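# Close look at the chain arrangement
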Amino acid sequence: VCVGLCGCCWALRPRYKRLVDNIFPEDPEEGLVKANMEKLTFFALSAPEKLDRIAAYLSERLTRELNRHRYGYVCIAMEAMEQLLLACHCQSINLLVESFLSMLRLLLEADKPHLYILATNSFVKFANIEEDTPSYHRSYDFFVSRFSEMCHSEHEDLYIQNKIRVSGIRGLQGVVRKTVDDELQVNIWEPRHMEKIVPALLVNLQQHINTNSDSPAEQTEVCFRELLSRAAYGHITNAIRPVLMHLDIHSLWEGPSFAVQCFQIIMYSIQSQHSHLVIQQLLGHLDANSRSPASVRAGIIEVLSEAAVIEASGSVGPTVLEVFNTLLRQLRQSVDYQLTGYYDNAAKHKTTSDEEKTLQDAVIKTIGSFANTLPVYQRSEVMLFIMGKIPVPGIYPALGSPNSGFEGSRMIQVMLLKSLLQVNSVPLSFTNLLTALPSSFLEPLLSFTLMEEPEIRLLVLSILTSLIDRHHNAARLVNVSVMFDVSVLELKEDACCHQDILFIRKHAQRLYRHVYLTCKEESSGKGHYQALITLLAVLSIELVNNEVLVDLIRLVLALQVPGAHEGLSTFNRCGVHAVCATFLYLLSQLGPPPELQQHVTQVIENRQKNAPHLLPDSVFSEEPRYRTAAPLAAVQQLVLMFLLSKICEALTGSSYSVHIECFNTPYTPQLTDEDRLSKRKSIGDIISLQIDMGPDQCPDAQQVPSVCPSVCLSACLPVCLPACLSTSLLQSKLDQVFDLIVRPPPSPSGHPSHRSTPLYEMKFPDLSVY
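As a starting point, this report considers the structure included with it. (Residues numbered from 1 in each chain as written. Predicted model: local features only at pLDDT ≥ 70, side-chain atom pairs only at ≥ 80, totals over all residues. Heavy atoms only, no water.)

### Some details on the overall build of the protein
Put simply, the test is: Strands are runs of DSSP state E lasting at least two residues, helices are runs of H or I lasting at least four, and both sets are numbered from the N terminus onward. Burial here depends on accessible area, computed with a 1.4 Å probe over protein chains only, as a share of the maximum for the residue type. Under 20% is buried, over 50% is exposed, and the range in between is partly exposed. In this analysis, two residues are considered to be in contact whenever any of their non-hydrogen atoms come within 4.5 Å of each other.
When you go through the protein residue by residue, the secondary structure sums to 32 helices and zero strands. Here the protein holds 770 residues, and 50% of them are scored as buried. Counting contacts in the protein only where the partners sit at least 6 residues apart, residues at least 24 apart contribute 74% of the total.

### Considering the nonpolar core
The nonpolar side chains of a soluble globular protein tend to be buried, and buried together. Defined as follows: Here the nonpolar core consists of buried residues drawn from Ala, Val, Leu, Ile, Met, Phe, Trp, Tyr and Cys, with membership extended through side-chain atoms lying within 4.5 Å.
Membership of the largest hydrophobic core comes to 225 residues, with the highest contact counts inside it found for Phe 224, Trp 253, Phe 263 and Ile 266. For this core, the element with the highest residue contribution is helix α26 (residues 570–587), accounting for 12 residues. When near neighbours in sequence (up to four residues on either side) are disregarded, Trp 253 contacts Leu 244, Leu 247, Asp 248, Ala 259, Phe 263, Leu 282, His 285, Ser 295, Val 296, Gly 299, Ile 300 and Val 303.

### Looking at the side chain of Ser 292
As for its position among the elements, Ser 292 is in the loop between α14 (275–288) and α15 (294–310). For Ser 292, a relative accessible area of 14% puts it in the buried group. For Ser 292, the residues in contact, after removing those within four places along its chain, are Arg 297 and Tyr 343.

### Let's talk about the packing of aromatic side chains
Condition: Stacked, tilted and edge-to-face are the three classes applied to pairs of Phe, Tyr and Trp rings, where Trp contributes its six-membered ring and a pair requires centres within 6.5 Å; stacked means planes under 30 degrees apart, edge-to-face means over 60, and tilted covers the rest.
Under the definition given, this model contains 13 aromatic pairs. Taken together, a centroid distance of 5.5 Å and an interplanar angle of 55° make the contact between Phe 123 and Phe 147 tilted. Note that Phe 123 is positioned in helix α7 (residues 113–127) and Phe 147 in helix α8 (residues 141–151), a separation of 24 residues in sequence. Each member of the pair, Phe 123 as well as Phe 147, carries the same accessibility label: buried. Centroid distance Trp 253 to Phe 263: 6.5 Å. Interplanar angle 25°. Geometry classified as stacked.

### A look at the environment of Phe 263
With respect to the helices and strands, Phe 263 occurs in helix α13 (residues 258–269). Judged by relative accessible area, Phe 263 falls into the buried class, the value being 1%. Placed 41 residues apart in sequence, Phe 263 and Leu 304 show a C-alpha to C-alpha distance of 8.8 Å. Those residues in contact with Phe 263, other than ones at most four positions away along the chain, are Ile 240, Val 243, Leu 244, Leu 247, Trp 253, Val 278, Leu 282 and Val 303.

This is the structure in structure tokens:
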């Protein structure tokens with residue numbers, strides 16, 4: 001009777017419940033009863049109003065089987081729900097979703113790893129279903145939290161731990177896919193969600209436990225890339241901020257740079273038009289860590305550098321100057337920290353000079369990395385911006401903080417000039433020099449050639465060469481020998497353009513003057529003279545012009561005058577002569593008549609035989625020979641100089657004939673405001689005045705005494721002897737001029753008149769108008 005009653009009761013149950021019960025076999029090992037599952041699916045499609053009841057009953061069955069630990073039936077219930085979702089998603093999937101999600105929650109709350117994996121697999125299948133109808137009142141907060149927690153699993157069994165972590169990562173990937181494009185769903189980009197998802201992914205990205213495709217690290221990278229690729233403009237900040245926080249908390253800016261790897265993934269994954277937002281986030285984080293150890297700051301700057309390289313165009317976005325302003329501010333702060341020994345105002349946290357120098361090198365490298373991503377016009381603006389930050393002697397004498405003082409300003413000068421050179425590490429493609437070197441940039445740059453610091457002068461020479469060298473010949477001119485063949489260079493075949501001619505007229509004399517003054521520096525070394533050779537050669541190549549070549553020859557001859565070597569050491573005098581010889585040989589191959597090259601070659605050959613210490617191969621070698629050279633006779637010395645008479649003779653009859661008259665006026669650098677701004681003790685020690693002398697005032701060229709090569713033949717060039725005018729003779733000439741100016745005119749009566757008071761000696765009343 002009882003059995004009959006049970007059968008009757010079962011028969012009286014709703015049909016949907018009977019259909020659901022029929023899909024469960026007697027033995028769970030047999031799996032889902034497919035024939036009965038087809039009947040349940042057909043019924044669900046025929047009566048969609050029953051879907052919510054079917055789903056609720058399936059959820060009830062799963063709960064009962066789960067409580068009884070009958071996990072085989074639990075798997076069957078989940079499989080049935082998945083098939084119903086796939087069959088009904090085009091019509092009324094919303095009626096199934098709430099029950100489905102509640103079933104997943106039950107599985108994820110159970111302390112069984114295999115149920116975690118079952119729930120994750122079901123959720124991923126659901127996430128891949130494209131829904132046609134809008135969904136309301138769904139919440140995925142629990143799944144975000146639970147999947148993130150699974151990513152941090154520390155299960156004692158390493159294999160199971162990997163399985164749980166991979167499931168958590170796949171679950172997060174499913175949440176992102178399901179919610180990111182649905183405006184009616186929870187906003188997955190909110191900080192409360194990103195602060196769970198991003199750290200969970202980063203923890204696994206660090207741990208390369210296995211090398212197969214199921215390893216958490218590889219699964220994480222796939223998920224992380226997908227998350228970032230879906231980020232819209234307004235979501236980038238919320239996605240990047242947790243990354244920065246994670247790197248801070250776990251001290252991952254230092255050591256093997258996981259931070260670089262992480263941001264490489266970010267930069268390659270996000271939409272290219274959003275790259276500048278990442279850069280801004282990093283810059284802000286760098287400022288926030290300005291009081292952190294140098295290793296942390298250097299790590300952030302390294303990430304910035306790599307991020308800029310990845311996005312080769314427009315990565316900086318509209319805030320170009322903000323980027324460089326931040327980096328330059330970091331340089332200035334680092335100088336303060338280096339000089340004070342502390343990286344905080346309270347003087348509690350120490351730093352070392354080596355750590356700060358490492359940071360400074362990283363900043364300079366990053367400045368170059370950013371600049372090389374910019375178009376030419378923006379790079380020019382950046383160079384002007386950096387130039388405006390360099391302390392200029394007499395104008396900005398102490399740009400650094402009060403703690404750094406003059407030494408801090410000097411260090412900033414060096415580093416900012418290095419930054420300028422780094423900005424131009426990839427040569428700019430300027431069409432003309434007037435654009436490459438505007439007055440607003442060239443004038444302050446040249447002012448640094450007057451500085452006493454050798455490193456500063458060398459940097460300026462390198463910057464000038466890199467900007468002028470439009471055909472990239474400078475690399476071929478490094479360590480050039482005296483008999484260098486210019487046929488290997490990329491020579492210009494066309495004449496100077498109109499803008500180049502304007503540049504010559506406006507700035508050429510200023511450039512020549514600074515070359516002249518740089519050659520007279522006692523503290524110049526091998527690098528300075530080689531840089532001068534390169535600069536002069538590049539000038540000759542880029543400004544192919546008869547007038548330019550003649551002016552450069554005049555400049556070289558002026559460097560041979562005895563007064564040009566006053567106060568220089570033996571090495572410096574030999575270095576100047578080596579520069580003159582090497583450059584003249586290069587210049588003689590750039591268009592002048594062959595006779596000029598013959599004269600230059602003859603002088604060089606004479607030097608090779610009798611005075612090799614006047615050539616670069618000897619004076620710039622590891623063991624210079626000028627220290628052991630024997631004195632030469634006056635007649636021998638004369639054949640070792642480049643003579644003006646021979647040069648004029650060689651140029652006569654050529655296209656240079658119209659410029660020969662220029663040689664009658666020796667090259668004379670003029671005093672400018674730059675000298676007054678320099679820190680020299682006396683400008684008179686730099687500029688030598690030259691005036692014309694009569695034949696009776698010129699010493700006899702044949703009376704030149706024999707001198708030791710230690711003075712480098714500075715008294716052996718006859719054409720330059722008029723420049724050796726003594727101070728007393730100059731004073732007497734000036735007295736004669738002033739006497740003529742103030743001498744009274746003759747009296748009409750023939751009687752001598754009283755000497756009138758000179759104008760500069762007159763005293764005027766205070767209220768006089770004059």
